[in-house]
Amino acid sequence: MTELASGQAAVDALVRLLDLEALGDDRFLGISPPVGPQRVFGGQVAGQALVAAGRTVEPGRQVHSLHGYFVRPGDPSVPITYTVESIRDGRSFSVRRSVAEQHGKVIFFMSASFHRPEEGLDHHEPAPLDVPPPDEVPTMAERLAKYPERAGIWTTVQQPIDVRYVGEPGWVPPGDRPAEARQRVWMRLDGKLPDDPVLHTCVLTFASDLTLLDSVLSAHGAVWGPGGFVGASLDHAMWFHRPFRADEWFLYDCVSPSASGARGLATGRMFTVDGRHIATAVQEGLLRRVGG
């Protein structure tokens, strides 16, 4: 059995995962971890697609938004080819389209817009005040101690991100999760990253897909797995508002405004510890009930 890295070793493995191989002609090759789920994690393919797009943009222009669609499940045993199309390079903005393919078929595509920094108006809604700080929230290990039968799930994938749920997570057994309108999670990379803003943005994109869709279940006190639901991301959009570091704590404040027809919509705001609103994510997902 392959030994899984943790802490800085897991962070370094994530950085290597995002370091795509250049194939020429704005094409890049990405791989998946040697161990993990049966399909490629959505945050991974979105993060790699953003890396590919960013490598075709002149330095100094920073991504401010991305919009992507998950078309087919990814095969973790096969490399992913990313092809970037240059849509426009203006005086202030650059727009790219990044397409991920496996087995000759598209599995994901993304549009991303990059902006030259400018001065302008600055305001945002305040961060939630009724949230305990991260050092007062149970760690993942502390939560898993209550559910040892669930620990096996987390030992099969590397954990480069320290995730701390303020409320009950969606992987607890049915009946152990009260309905809560909002799902709030503290996150940070469990190690240090180089001082590369593009890399921090790609890591934040990776992290944004970890818990967002779970807020749809939280509204009903529902859970993942037997007696609950299985799900898949259908699309993903993000807006990056202010500079940040992905290796420092941020609060992911998520809520689901609507769910119907086996689809749920989730939106999440990310705040630094000092209350700066750094990013917003929106996702629609497919959620289907499974037996006990």
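Above this note sits the structure.
If you're wondering where the values come from, they're calculated on a predicted model, not measured in any experiment.

Here is what the cut-offs are and how they apply
Residues numbered from 1 in each chain as written. Predicted model: local features only at pLDDT ≥ 70, side-chain atom pairs only at ≥ 80, totals over all residues. Heavy atoms only, no water. Salt bridge = Lys/Arg side-chain N within 4 Å of Asp/Glu carboxyl O. Helix = DSSP H or I, 4+ residues; strand = E, 2+ residues; numbered from the N terminus. Buried < 20%, exposed > 50% of the residue type's maximum accessible area, 1.4 Å probe, protein only. Pairing = 2+ DSSP bridges. Core = buried A, V, L, I, M, F, W, Y, C linked by side-chain atoms within 4.5 Å. Contact = heavy atoms within 4.5 Å. 1 Å grid on protein atoms, 1.4 Å probe; cavity = no way out; pocket = protein on both sides within 12 Å on 5 of 7 lines; lining within 4 Å. Points joined across faces, edges and corners; volume = space filled by probe spheres on them. Nonpolar A, V, L, I, M, F, W, Y, C, P; charged D, E, K, R; others polar. Phe/Tyr/Trp six-rings, centres within 6.5 Å; stacked < 30°, edge-to-face > 60°. Lys NZ or Arg CZ within 6 Å of the ring centre and 35° of its normal.

So, on to the pattern of salt bridges. Where charged atoms of side chains with opposite charge meet at close range, the side chains can pair. For the coordinates displayed, the defined rule picks out 17 salt bridges. For R177, the salt bridge goes to D214, with nearest N and O atoms at 3.0 Å. Of this pair, R177 sits in the loop between β7 (161-165) and β8 (182-189) while D214 sits in helix α6 (residues 214-218), and the two are 37 residues apart along the sequence. The same class applies to R177 and to D214, which are both buried. Between D274 and R276 there is a salt bridge, with the nearest N and O atoms lying 3.8 Å from each other. Since its relative accessible area comes to 61%, D274 is described here as exposed. What makes R276 partly exposed here is its relative accessible area of 30%. Three or more residues are tied together by salt bridges with common partners; here these are E125, D130, R182, R184, D253 and R269.

Examined bridge by bridge, strand β3 (residues 62-70) and strand β9 (residues 229-240) share 5 bridges and lie antiparallel to one another. Looking at β9, one finds that L66 is bridged to M238.

What follows deals with the nonpolar core. One finds V45, Y82 and F108 to be the most contacted residues of the largest nonpolar core, which totals 65 residues. Broken down by element, the residue count for this core peaks at 7 residues, all from helix α2 (residues 42-54). In contact with V45, not counting residues within four places along its chain, are V40, F70, I80, Y82, A100, I107 and F108. Membership of the second largest hydrophobic core comes to 5 residues, among which are V131, V137, W186 and L251.

Space inside the second largest pocket adds up to approximately 880 Å³. In terms of lining residues, the second largest pocket is bounded by 27 residues, among which Q62, F240, H241, R242 and P243 are the most central. Those elements giving two or more residues to the lining of the second largest pocket turn out to be β3, β6 (105-115), α5 (197-208) and β9. Of all the elements, α5 adds the most residues to the lining of the second largest pocket, at 4 residues. Considering only residue class, the lining of the second largest pocket consists of 10 nonpolar, 8 polar and 9 charged.

Backbone geometry at D25 places phi at a positive 55 degrees, although glycine is not the residue there. Take D25: it is sitting in the loop between β1 (21-24) and β2 (27-30). Here the phi dihedral of H103 falls at roughly 55 degrees; this positive angle occurs in a residue that is not glycine. Among the secondary structure elements, H103 is positioned in the loop between β5 (93-102) and β6.

Counted by the stated rule, this structure contains 4 aromatic pairs. Plain terms: the ring middles of F70 and F108 are 4.9 Å apart, the flat faces sit at 45 degrees to each other, and that makes the pair tilted. Of this pair, F70 sits in strand β3 while F108 sits in strand β6, placing them 38 residues apart in sequence. For F108, a relative accessible area of 1% corresponds to the buried category. Between R97 and the ring centre of F109, over which it is positioned, the NZ or CZ distance is 5.2 Å.

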